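Each chain, letter by letter, is given below.
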Amino acid sequence: MNLSEARRRAAERLRASGTEYPEREAEFLLAEAARIDRSFLAAHPFLPLEDSAARRLWEMTERRFGGEPLQYILGSWEFYGRSLDVAPGVLIPRPDTEILVEHALTFLPSSGRFLDWGTGSGCIILALLSERSDLTAVAVDANALAVSLTWRNLKLHGLLSRCFLWHSRTPQDIPAGDGEFDLVVSNPPYIPFPLISGLPREVRKEPLSALDGGEDGLLWYRALFGWAPAKLRKGGRLLFEIGDGEQGELLVQIAPSSMEFEGIFHDLSRKPRAASWLRV
Ligand code: GLN
């Protein structure tokens, strides 16, 4: 069987499972199974697929057919133009989150220091430290798997020396000094608990602890509003990912008086996706 036929067969199987982009996903799986680039695949569709690669492809296709997220099967995914490892048990980086990186880059002064709460795969930290060699950071996550994945990703990109990793659930445990940071950034778990059971089946394969924002979705925002102002220098920023515009409005209402609301930012699909506050 050649590469093109293999891709078509994998895509057919994926289509039968209701996957939204079967052709594109089949291409990712085939490239991974055959250990080639997707561009090589496009240029040489009639090269034969070796038996061992075909076995890997069918095995991965069946896992995807069973509802496992594509990114967990591939083991790596791209965020802000860089490849990072992803693994079951840790939230998969979303392109929506790249908007936080863009704004953080404009907020951070030269030699700036920031903290990322709920770091997950380390995607935000990795993007910021890679873009700017003057920055240093603290990465915090409650999930030990996330901390070790972040460690791996930072090591992969040679960034460990500029990042301190901390494993704890409550912000109060973090050994940070008053006024230490120019920026606290977070994509916290923000889905209201009653909505979790209605999430797409792929998302429900991701860790609940990275999604569940308590009854109203605001649990971790409240905790960070209570902690971050003291740790930010005056003129520093708090930057949150948000679920939607309504959540943004609620956050504006519950923010402490030491934090001045700056604005809501939209993602690539023009949805309200981030909000920022200035420490006054
Ligand atoms: N954006 C994620 C989703 O697709 C939610 C991540 C979070 O709770 N921070 O559901």
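The name an unreviewed UniProt entry assigns to the protein chain is peptide chain release factor N(5)-glutamine methyltransferase, from the organism Aminivibrio pyruvatiphilus. Here is the UniProt Catalytic activity (unreviewed entry) comment for the protein chain, exactly as written: "L-glutaminyl-[peptide chain release factor] + S-adenosyl-L-methionine = N(5)-methyl-L-glutaminyl-[peptide chain release factor] + S-adenosyl-L-homocysteine + H(+)".

Colleague: Any chance you could explain the site of the ligand here in plain terms?
Modeller: Surveying the vicinity of the ligand reveals the residues Arg-94, Asn-187, Pro-188, Pro-189, Tyr-190, Ile-191, Ala-210, Leu-211 and Glu-241. For the ligand, an oxygen atom lies 3.2 Å from a polar atom in the side chain of Arg-94. At 2.7 Å, a side-chain N or O of Asn-187 approaches a nitrogen atom of the ligand. Protein coverage of the free-state accessible area of the ligand, which is 300 Å², stands at 87%. Split into classes, the residues belonging to the shell around the ligand amount to 6 nonpolar, 1 polar and 2 charged.

Colleague: Looking at this structure, how should I read the state of the cysteines?
Modeller: Throughout this description, disulfide means a covalent bond between two cysteine sulfur atoms. Applying the stated criterion across every chain, the model contains 0 disulfides. Not engaged in a disulfide, the cysteine Cys-163 finds its nearest cysteine sulfur in Cys-123; these two sulfurs lie 12 Å apart. Classification of Cys-163 as buried rests on a relative accessible area of 10%.

Colleague: When you look at the packing of aromatic side chains in this model, what are you seeing that I'm missing?
Modeller: Two numbers describe a pair of aromatic rings. These are the distance of the centres and the angle of the planes. Enumeration over the complete set of coordinates arrives at 9 aromatic pairs. Between Phe-28 and Trp-77, the aromatic rings sit 5.2 Å apart at their centres with planes inclined by 45°, giving tilted as the arrangement. Taken together, the residues span a long stretch of sequence, with Phe-28 in helix H2 (residues 22-34) and Trp-77 in strand S1 (residues 76-79) at a distance of 49 residues. One exposure class covers both Phe-28 and Trp-77, and it is buried. Relative to Phe-265, the ring of Phe-107 lies with its centre 6.5 Å away and its plane at 55°, an arrangement referred to as tilted. On the criterion of sequence distance, the pair formed by Phe-107 in helix H6 (residues 98-107) and Phe-265 in strand S8 (residues 259-266) is long-range, its members being 158 residues apart. For Phe-265, a relative accessible area of 17% translates into the label buried. Lying across the ring of Phe-28, Arg-38 places its NZ or CZ 3.9 Å from the centre.

Rules behind the numbers
- Residues numbered from 1 in each chain as written.
- Predicted model: local features only at pLDDT ≥ 70, side-chain atom pairs only at ≥ 80, totals over all residues.
- Heavy atoms only, no water.
- UniProt positions renumbered as here; feature names shortened; annotations may be inferred.
- Near = heavy atom within 4 Å.
- Polar contact = N/O pair within 3.5 Å; in protein donor to acceptor, adjacent residues only side chain to side chain.
- Areas by Shrake-Rupley, 256 points an atom, 1.4 Å probe, with all protein chains shown as cover.
- Nonpolar A, V, L, I, M, F, W, Y, C, P; charged D, E, K, R; others polar.
- Disulfide = S-S within 2.5 Å.
- Buried < 20%, exposed > 50% of the residue type's maximum accessible area, 1.4 Å probe, protein only.
- Phe/Tyr/Trp six-rings, centres within 6.5 Å; stacked < 30°, edge-to-face > 60°.
- Helix = DSSP H or I, 4+ residues; strand = E, 2+ residues; numbered from the N terminus.
- Lys NZ or Arg CZ within 6 Å of the ring centre and 35° of its normal.

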